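Below are the chains, spelled out letter by letter.
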Amino acid sequence: MKNRTIELDTAWLDHLRAEFEQEYMRALSKFLRDEKSLGKPIYPPGPDIFAALNATPLDQVKVVVLGQDPYHGPGQAHGLSFSVPRGVKIPPSLQNIYKELESDLGMPRPNHGHLRAWAKQGVLLLNSVLTVQAGNAGSHQGKGWERFTDAVVNVINQNAQSSVFLLWGAYAQKKGANINQNKHLVLQAPHPSPLSAHRGFLGCRHFSQANAWLQERGRSTIDWQQLDES
């Protein structure tokens, strides 16, 4: 991946430029090119691979939601963790996120799963792995994306204002293990998947806790109900 071809927010690129020069990123780029040359559809579309970083510039990060892989169904992935475009059926994990928002904040459940309005308010919706082969869940794990997004988390840890990390599930909790908790708030709960949400995600009240903590530090809070942006 050469810098001239990377459409990435300037502040992020300033901190991550060296990653794109690493051998692992060159190998990842070759892997993606080879997969495409074999005719394998890859999600999300190329322009959306870095959508999370472009939607939430570094100096605007207030909350970080760590996911694992993009959705692998047609039309689902668009570069934001847990989010799907309007018109796409709301996935089960996001349904449980909405259920918790309703319980925590009295927020009516939205009729769509497009979370870009959160991203524009400062919620970084970051997956650990940024691409996937269509219909093949987890197919791009271990190809280098995890190292890149570890670097993203480290940039936030060191350079962002005090922020809230929402770590749902063991995978996200492991990825966020080295976050400086003297500077940032780390909230942990089971994953919102239907397989685990009942074990403590439902009832965690992370959304109200995140806003209370931001307010205490003089930062504007997240309007979790604002999901009107297309």
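Keep in mind that this is a model prediction, so the values were computed, not measured. Residue numbers here run from 1 along each chain, matching the order of that chain's written sequence. In keeping with the predicted nature of the model, local features appear solely for residues at pLDDT of at least 70, side-chain atom pairs appear and are counted solely at 80 or more, and the whole-chain, interface and lining totals rest on all residues. Computation of side-chain values covers all heavy atoms of the structure but excludes hydrogens and water.

A. Quick look at the nonpolar core. Only buried residues count toward a nonpolar core. Its members are Ala, Val, Leu, Ile, Met, Phe, Trp, Tyr and Cys residues joined through side-chain atoms within 4.5 Å. To sort residues, take the accessible area from a 1.4 Å probe on protein chains only and compare it with the maximum for the residue type: under 20% means buried, over 50% means exposed, and anything in between is partly exposed. Membership of the largest hydrophobic core comes to 72 residues, with the highest contact counts inside it found for Trp12, Leu16, Trp145, Phe148 and Ile156. Here this core takes 7 residues from helix H6 (residues 145-159), the largest share from any one element. Only DSSP runs of H or I covering at least 4 residues are called helices, and only runs of E covering at least 2 are called strands; the numbering of each starts at the N terminus.

B. Local environment of the packing of aromatic side chains. Ring geometry is summarised as follows: Phe, Tyr and Trp rings, the Trp one being its six-membered ring, pair when their centres sit within 6.5 Å, and such pairs are stacked at plane angles under 30 degrees, edge-to-face over 60 and tilted between the two. Counted according to the given criterion, the structure contains 10 aromatic pairs. Between Trp168 and Phe207, the ring centres sit 6.0 Å apart and the planes meet at 65°, which makes this aromatic pair edge-to-face. One end of the pair, Trp168, is in strand S5 (residues 164-168); the other, Phe207, is in helix H8 (residues 206-216), and 39 residues separate them in sequence. Owing to a relative accessible area of 3%, Trp168 belongs among the buried residues under this scheme. Phe207 sits in the buried class, given a relative accessible area of 1%. Grouping aromatic residues by their ring pairs yields a cluster made of Phe82, Trp118, Trp168, Phe201, Phe207 and Trp224.

C. Inspection of helix H4 (residues 92-105) at higher detail. A helix is expected to reach a length of 1.5 Å times the quantity of its residues less one. Along its 14 residues, H4 runs 20 Å from first to last C-alpha, staying within 8% of the 20 Å computed at 1.5 Å per residue. Those residues of H4 that fall on the buried side of the exposure criterion are Ser93, Leu94, Asn96, Ile97, Tyr98, Glu100, Leu101 and Asp104. Whether two residues touch is decided by their heavy atoms; if any such pair falls within 4.5 Å, the residues are in contact. Residues of H4 that are buried in the fold lie against helix H5 (116-121), S5 and H8. Just downstream of H4, Gly106 is the residue with a positive phi angle, here 70°.

D. View of the side chain of Ser163. Structurally, the position occupied by Ser163 is in the loop between H6 and S5. Of the residues examined, Ser163 reaches a relative accessible area of 0% and is grouped as buried. Within 3.5 Å is the distance limit for a polar contact, defined as a pair of N or O atoms, with the added protein rule that one can donate a hydrogen and the other accept it, and that residues adjacent in sequence qualify only through two side-chain atoms. In terms of polar contacts, Ser163 uses its side chain to reach the backbone carbonyl oxygen of Val61, at 3.2 Å.

E. Summary view of the sheet that holds strand S6 (residues 185-189). One open sheet accounts for 4 strands, arranged S3-S2-S5-S6; its pairing is parallel. The open sheet terminates on both sides in strands that have one partner only, identified here as strand S3 (123-127) and S6. Averaged over all pairs of adjacent strands, the angle between their axes in this sheet comes to 20°, without regard to strand direction. Relative to S3, strand S2 (residues 63-67) runs parallel, the two sharing 5 bridges. The residue bridging Val65 from the neighbouring strand is Leu125, located in S3. Here an angle of 0 to 180 degrees is reported between the N-to-C directions of two axes, which are lines fitted to C-alpha atoms, with helices fitted over the stretch in contact. Here H6 sits on the sheet and contacts S2, S3 and S5; the angle it forms with S3, its principal contact strand, is near 155°. Contacts from H8 reach S2, S5 and S6 within the one sheet, and its direction differs from that of S6 by about 175°. Whether two strands pair comes down to DSSP finding at least two bridges between them.

F. Expanded view of the pattern of salt bridges. The salt bridge definition used is simple: a Lys or Arg side-chain nitrogen within 4 Å of an Asp or Glu carboxyl oxygen. Applying the stated criterion to the full structure yields 8 salt bridges. Ionic pairing is found between Glu35 and Lys40, a salt bridge with its closest N-O pair at 3.4 Å. Owing to a relative accessible area of 10%, Glu35 belongs among the buried residues under this scheme. We classify Lys40 as partly exposed; its relative accessible area is 29%. The shortest N-O distance in the salt bridge between Lys175 and Asp150 comes to 2.6 Å.

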